[in-house]
Amino acid sequence: VGRRFQASSKRLNMFIGGRIWSVIRPSNESKNEDAIRIGILGAANIAPLALINPASQMRSVRVTGVAARDPAKAQEFARKHNIEQVFSDYQTLINDPNIDAVYIPLPNGLHYEWTIKAIEAGKPVLLEKPCTCNGDEAKELFVLARSKKVLVMEAFHARFHPANLRVKEIIDAGEIGRIQSVSVRASFPPVFRDDDIRYNFKLGGGILMDLGCYTCSFIRFFAGGNPLEITRATPTLKSEQVDQGMIADMKFPSDVSGTIEANFLGSFFRPTQLIPTLEIKGDAGTLNMTNWMMPNVYHSINITMKDGTKRSEQRYEEGWSTYRYQLEEFVRLYRSNKLESDVVPHSDSIGNMETIDSIYQAAGLQPRTSVNSSNP
């Protein structure tokens, strides 16, 4: 039994290790002559994982430019990731005719300003979540994008993965009956320094604007709409207005209840706490999913019916990372002259920010507002 367990563990570790490598490994895929040329605003830590690595695996995309506030950092970033051009500032990159689209992974408080500027310049945008700092800004941004006929897609990468689309399919097909409740949880260890931008109120910081915006997005995705009411919101504060943890209960249409929990308080000594979990209860059965955030690494969709029958599913399909599926969708929209994705449409992005606003208000905290950068 011990040898069989060791062999199974070894196979599982090799499987998961291979999945992780598929996310982080760069590639040297040759490019099509008409590959979309994407520029990055900001030498952000998320950019290699979210854009550069998946783009390197695709013939249809090239990352050709970067701009950052610190020219030396931009130069080093470009050298490390084989990006051919460093721009002096964000606006110069946006205006360059050799840049077809922009990826914006700037601090939350700068998303609104620089996405508006990209839209005004007619440049399609892959916009890191959260799209803005509040619901009003989100409405203004997407109204402008539609009026200017410019593609803008919010980068909720996990929403594009086949495993999460399969969960949505199961729900919509009524396989567990009428939905009664949805719970979404995510936790991360407290590894960020006190001066990290995630804790900077002026730059749109707080758990709900980081890990928590995923939980808001997914509970709305699976509950089928926006909450009617936030019935409870309990923050764990890092500072006066900045949440390090948040638990919120809410009511949705059709008498569906929901709970989100997100925090930067997880423990390495309790690793199971760090696995994002999802539970959807219906009147005929319950669906539980492990690792909805990075299902390409590993996940399990488990269904238990009230008659006692059980089954488990996994959906890896092409085996791509969540970020690869996201970028493939952005390329598809760009090529087909679409303005928004059916998976994360503009109305969904707006609804998510309105939900975040409502949770902050219920918690006695201020919704965030964007800033104007004086030195791009």
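Residues numbered from 1 in each chain as written. Predicted model: local features only at pLDDT ≥ 70, side-chain atom pairs only at ≥ 80, totals over all residues. Heavy atoms only, no water.

**A short note on a nonpolar patch on the surface**
A grouping of Phe188, Val191, Phe268 and Phe269 is seen on the molecular surface, where their side chains present a nonpolar patch of about 500 Å² in accessible area. Tracing the chain through its elements places Phe188 in the loop between β7 (179-187) and α8 (211-223). On the accessibility criterion, Phe188 (38% relative accessible area) is partly exposed. (Patch = residues over 30% accessible without salt bridge, like charges linked within 9 Å, V, L, I, M, F, W, Y side chains within 5 Å. Areas by Shrake-Rupley, 256 points an atom, 1.4 Å probe, with all protein chains shown as cover. Salt bridge = Lys/Arg side-chain N within 4 Å of Asp/Glu carboxyl O. Helix = DSSP H or I, 4+ residues; strand = E, 2+ residues; numbered from the N terminus. Buried < 20%, exposed > 50% of the residue type's maximum accessible area, 1.4 Å probe, protein only.)

**What to know about the sheet that holds strand β1 (residues 36-41)**
The 6 strands lie next to each other as β3-β2-β1-β4-β5-β6, forming an open sheet whose pairing is parallel. Each having just a single partner strand, β3 (85-87) and β6 (152-155) make up the two edges of the open sheet. The mean inter-strand angle of the sheet, taken between neighbouring strand axes irrespective of direction, is 25°. Bridge count between strand β5 (residues 125-128) and β6: 4 bridges; the pairing is parallel. Paired with Glu128 across the two strands is Ala155, which belongs to β6. (Pairing = 2+ DSSP bridges. Axes fitted to C-alpha atoms, helices over the stretch in contact; angles between N-to-C directions.)

**A word on the environment of Arg368**
Structurally, Arg368 can be placed in the segment after α10 (346-362). Accessibility expressed as a relative area gives 0% for Arg368, which makes it buried. Measuring from C-alpha to C-alpha, the distance between Arg368 and Pro271 comes to 31 Å, with 97 residues separating the pair along the chain. The residues contacting Arg368, other than those within four sequence positions of it, are Cys133, Asn134, Phe201, Gly204, Gly205, Gly206, Met209, Gln241, Val242, Asp243 and Tyr360. Here the side chain of Arg368 touches Gly205 through a polar contact of 2.9 Å, landing on its backbone oxygen. (Contact = heavy atoms within 4.5 Å. Polar contact = N/O pair within 3.5 Å; in protein donor to acceptor, adjacent residues only side chain to side chain.)

**Things to note about the side chain of Glu128**
Following the sequence through the fold, Glu128 ends up in strand β5. Although buried, Glu128 forms no salt bridge, and the nearest oppositely charged side chain, Lys129, lies 4.8 Å from it. Only 2.7 Å separates the side chain of Glu128 from the side chain of Tyr103, close enough to count as a polar contact. Setting aside residues up to four positions removed in sequence, Glu128 forms contacts with Ile46, Ala50, Tyr103, Ile104, Pro105, His111 and Ala155. (Lys, Arg positive; Asp, Glu negative; His and termini not counted.)

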